[in-house]
Amino acid sequence: IACRTFSINDPRVPVMSVLSTILGGGMSSRLFQKMRNELGICYYVRTSHDTYTDHGNLTISAGVDNKRVSIAVKEILAQCELLKTKAVDAQELKKAKDYIAGSMMLELETSDQRAQYAGLEEVIKGQIESPEEFIKKVSLVTASDVQKLANEVFVNNGLNLALVGKTMVSELEPILRFA
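Residues numbered from 1 in each chain as written. Predicted model: local features only at pLDDT ≥ 70, side-chain atom pairs only at ≥ 80, totals over all residues. Heavy atoms only, no water.

### Quick notes on the packing of aromatic side chains
The line we're drawing: Side-chain rings of Phe, Tyr and Trp, where Trp is taken by its six-membered ring, are said to pair if the distance between their centres is within 6.5 Å; with planes under 30 degrees apart they count as stacked, over 60 as edge-to-face, and otherwise as tilted. Only runs of H or I of at least four residues qualify as helices and only runs of E of at least two qualify as strands under DSSP, and these elements are numbered from the N terminus. Exposure is judged per residue with a 1.4 Å probe applied to protein chains only, and the accessible area is read against the type maximum: over 50% gives exposed, under 20% gives buried, and values in between give partly exposed.
Evaluation of the coordinates by the stated rule reveals one aromatic pair. Each ring, one from Phe154 and one from Phe178, has its centre 5.6 Å from the other, and the planes form 40 degrees; the classification is tilted. Here Phe154 is found in the loop between helix H7 (143-153) and helix H8 (169-172), whereas its partner Phe178 is found in the segment after H8, with 24 residues between them in sequence. In this structure Phe154 comes out as buried when scored by relative accessible area, which is 0%.

Shown next, in the form of C-alpha cells:
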C-alpha cells in the first residue's frame, strides 16, 4: 500500500520520518506489533518513505498469506486512520525519534558511507545537511505535527495497492478506502 507524499526538499520530511517509524519502523512499530505479534498474519511488515526531487511516496510492505490479504489491508488502513484521529503519546514519539537517530548514525559509521551521504545531499538537495542537523529537526517534531501530516497523506486520492500472489486487486477495491 502506498500514498503519495512530497519531494526531498519539503520541510515535512522529518515529520514523515517520525510518522513512518511509528507506523512501521522496526519491531516495536505499530504495524509490527499488531500484525505480526498480535494477529500473527505476516512474517514482515515495514514502512519506507522515499523522496525524490519532485515527489515522494510512503510505502507499507507486508508478507502475508493470500488467504489473509484482506485482513492485512484492513489493519494497515486502520493503523493509518488511528494516526489521523489520535495523537501519538510522548513515550512512543520519543522512541521513534531515538530509533531514527540511532539508525541514521549506525548507517553512517564508515567514512565511505558518510561521503556517499554528503554526495547525495549535495547532488539531490543542492546543499549538505549534516546527519546531526537532520536529527535536530526530527527532535523538534511534535505529536500534533505527526497527526496533521497523517491527515494530509492518508487520503483516498493517490492511495495505491500492488499485490504479488493470487489475490486480485479488484477483490480488495471495496475495502481500500480511508474513513
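### Digging into the packing of helix H4 (residues 90-107) against helix H6 (residues 131-139)
The packing of two helices is summarised by the inter-axis angle and the distance between the axes. Note the threshold: Only C-alpha atoms enter the line fits that serve as axes; for helices the fit covers just the stretch in contact. Angles between N-to-C directions range over 0 to 180 degrees. In these notes the angle categories are as follows: under 35 degrees is roughly parallel, over 145 is roughly antiparallel, 65 to 115 is roughly perpendicular, and the rest is oblique. Contacts are assigned to residue pairs with any non-hydrogen atoms lying within 4.5 Å of each other. Lys, Arg, Asp and Glu make up the charged group, whereas Ala, Val, Leu, Ile, Met, Phe, Trp, Tyr, Cys and Pro make up the nonpolar group; the residues left over, Gly among them, are polar.
Contact geometry for H4 and H6: axes closest at 10 Å, N-to-C directions at 170 degrees. Judged by the inter-axis angle, H4 sits roughly antiparallel to H6. The segment H4 lies against H6, with Lys97, Ile100, Ala101, Met104 and Met105 engaging Pro131, Glu132, Phe134, Ile135, Val138 and Ser139. Broken down by class, the residue content of the contact of H4 with H6 amounts to eight nonpolar, one polar and two charged.

### A word on the pairing of strand E2 (residues 42-51)
The cut-off we apply is this: Only strands joined by at least two bridges in the DSSP assignment are considered to pair.
Sheet topology places E2 next to strand E3 (residues 56-64); eight bridges connect them, and they run antiparallel. By the bridge assignment, Cys42 is partnered in E3 with Val64. Turn length for the E2-E3 hairpin, with the two strands adjacent in sequence and antiparallel, is four residues.

### Concerning the layout of surface pockets
Convention followed: In the cavity and pocket records, a cavity denotes points on a 1 Å grid over the protein atoms alone where a 1.4 Å probe fits but cannot get out, a pocket denotes an open set with protein on both sides within 12 Å along at least 5 of 7 lines, and lining residues are residues with an atom within 4 Å of a point. Grid points are joined across faces, edges and corners, and a volume is the space filled by probe spheres set on the points.
As a volume, the largest pocket reaches approximately 1,200 Å³. Of all the elements in the fold, those that place two or more residues in the lining of the largest pocket are helix H1 (13-24), E2, H4, helix H5 (111-125) and H6. A class-by-class count of the residues in the lining of the largest pocket yields 13 nonpolar, 15 polar and seven charged. Here the second largest pocket defines a volume of roughly 330 Å³. Together, 17 residues line the second largest pocket, and Ala62, Val64, Ala162, Leu163 and Val164 are the ones closest to its centre. Elements with a minimum of two residues in the lining of the second largest pocket: E3 and helix H3 (69-85). In the lining of the second largest pocket, the residues fall into twelve nonpolar, four polar and one charged.

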